[in-house]
Amino acid sequence: MPVISLQCYIQAKQQLVFDLSRNIDLHRISTAHTKEQAIAGVTSGLISLNESVTWRANHFGFSLKMTSKITEMQSPIYFRDEQVEGPFKYLQHDHYFEEKDEGVIMKDEFSFSSPLGIAGKFIDWLVMKKYLENLLKGRNATIKEFAESDKWRTVLVSAY
């Protein structure tokens, strides 16, 4: 099963980065190129423990739906989201937030597998791992951009 591990240093407060990372509106902004929309469950604002969101997006020329649920959370240091329905056989995304110097090290551990047995494994290694890694890097760049500027105020109502 492929695993994508990323880390990004963000010069902002830990709680702010944690909240931006679970913000539905910012997620939609970071995936605008896929026309991703939250269509059920939590569709705006912050998603929390035991809540779910259903996304519809365009990937590889197909309109796909996926429902993910926050299955673990320890604010402001960790949360996990998992696919409960969608195109993958398995998808789990662990988010870690560690205070460091004047900021936060944000870490992603993203594991997944596609259906279709051996063919799915081949597709995962040939195409999906790089594709998903690029999506995560774009998402992280957006979180960093918003956290390190006043842009975060456009998606979060509470002040820090």
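Everything discussed here concerns the structure shown above.
Residues numbered from 1 in each chain as written. Predicted model: local features only at pLDDT ≥ 70, side-chain atom pairs only at ≥ 80, totals over all residues. Heavy atoms only, no water.

Visitor: Even after reading the chapter, I still don't get a nonpolar patch on the surface, so can you show me in this structure?
Guide: Where nonpolar side chains cluster on the molecular surface, the patch consists of F60, F62, L64, L116, F122, I123, L126 and V127 and spans about 820 Å² of accessible area. Of all the secondary-structure elements, those providing two or more residues to the nonpolar patch are β4 (62-74) and α3 (117-147). Per-element accounting of the nonpolar patch gives the leading share, four residues, to α3. When you line up the elements, F122 lands in helix α3. The exposure class of F122 is exposed, given its relative accessible area of 56%. (Patch = residues over 30% accessible without salt bridge, like charges linked within 9 Å, V, L, I, M, F, W, Y side chains within 5 Å. Areas by Shrake-Rupley, 256 points an atom, 1.4 Å probe, with all protein chains shown as cover. Salt bridge = Lys/Arg side-chain N within 4 Å of Asp/Glu carboxyl O. Helix = DSSP H or I, 4+ residues; strand = E, 2+ residues; numbered from the N terminus. Buried < 20%, exposed > 50% of the residue type's maximum accessible area, 1.4 Å probe, protein only.)

Visitor: Sorry if this is basic, but what is going on with the layout of surface pockets here?
Guide: Any empty space left between the atoms is revealed when a probe the size of a water molecule rolls over them. Counted as a void, the largest pocket has a volume near 850 Å³. H59, M66, F88, L91 and L132 are, among the 40 residues lining the largest pocket, the residues nearest its centre. Ranked by residues supplied to the lining of the largest pocket, first place goes to α3 with eight residues. (1 Å grid on protein atoms, 1.4 Å probe; cavity = no way out; pocket = protein on both sides within 12 Å on 5 of 7 lines; lining within 4 Å. Points joined across faces, edges and corners; volume = space filled by probe spheres on them.)

Visitor: How do you make sense of the sheet that holds β4 when you look at a structure like this?
Guide: Hydrogen bonds between backbone atoms are what pair the strands of a sheet, whose relative direction is either parallel or antiparallel. An order of β1-β7-β6-β5-β4-β3-β2 is seen for the seven strands of this open sheet, with the pairing classed as antiparallel. Strand pairing shows two members of the sheet lacking a second neighbour, β1 (3-10) and β2 (37-41), which therefore form its edges. Going across the sheet, the axis of each strand differs from the next one's by a mean of 25°, ignoring polarity. Running at roughly 15° to β1, α3 makes contact with β1, β3 (52-59), β6 (90-100) and β7 (103-113) of the sheet. (Pairing = 2+ DSSP bridges. Axes fitted to C-alpha atoms, helices over the stretch in contact; angles between N-to-C directions. Contact = heavy atoms within 4.5 Å.)

Visitor: Sorry, what's going on with the pattern of salt bridges here?
Guide: Side chains bearing opposite charge may pair, as long as their charged atoms lie close to each other. Across all of its chains, the model carries 10 salt bridges by this definition. K107 is the partner of E98 in a salt bridge, and the nearest nitrogen-oxygen pair spans 3.6 Å. Classification of E98 as partly exposed rests on a relative accessible area of 39%. Here K107 falls in the partly exposed class, since its relative accessible area comes to 28%. In this structure, E133 engages K130 in a salt bridge whose closest nitrogen and oxygen atoms are separated by 3.9 Å. With E133 and K130 both in helix α3 and three residues apart, this pair spans about one turn of that helix. On the accessibility criterion, E133 (16% relative accessible area) is buried. The network of salt bridges with common partners includes E72, R80 and D94.

Visitor: What should I look at first to understand empty space enclosed by the protein in this one?
Guide: All chains considered together, the criterion is met by one cavity of 30 Å³ or more. Space inside the largest cavity adds up to approximately 40 Å³. Lining the largest cavity are L20, S21, N23, L26, H27, S30, R139, T142 and I143. Listed by contribution, the elements that provide at least two residues to the lining of the largest cavity are α1 (14-21), α2 (24-30) and α3. For the lining of the largest cavity, the residue count by class is three nonpolar, five polar and one charged. (Nonpolar A, V, L, I, M, F, W, Y, C, P; charged D, E, K, R; others polar.)

Visitor: Would you explain the nonpolar core in this entry?
Guide: When a protein is soluble and globular, its nonpolar side chains tend to lie buried together. By size, the foremost hydrophobic cluster in this structure holds 25 residues, and its most contacted members are I10, V17 and L20. Mapped by element, the contributors of at least two residues to this core are β1, α1, α2, β3, β7 and α3. Sort the elements by how many residues they give to this core and α1 lands first, with four residues. Here V17 is in contact with I10, A12, F97, V104, M106, I143 and A147, once residues within four sequence places are set aside. Residues L6, L91, F112 and L135 belong to the second largest nonpolar core, which totals 11 residues. (Core = buried A, V, L, I, M, F, W, Y, C linked by side-chain atoms within 4.5 Å.)

By themselves these figures say nothing about function.
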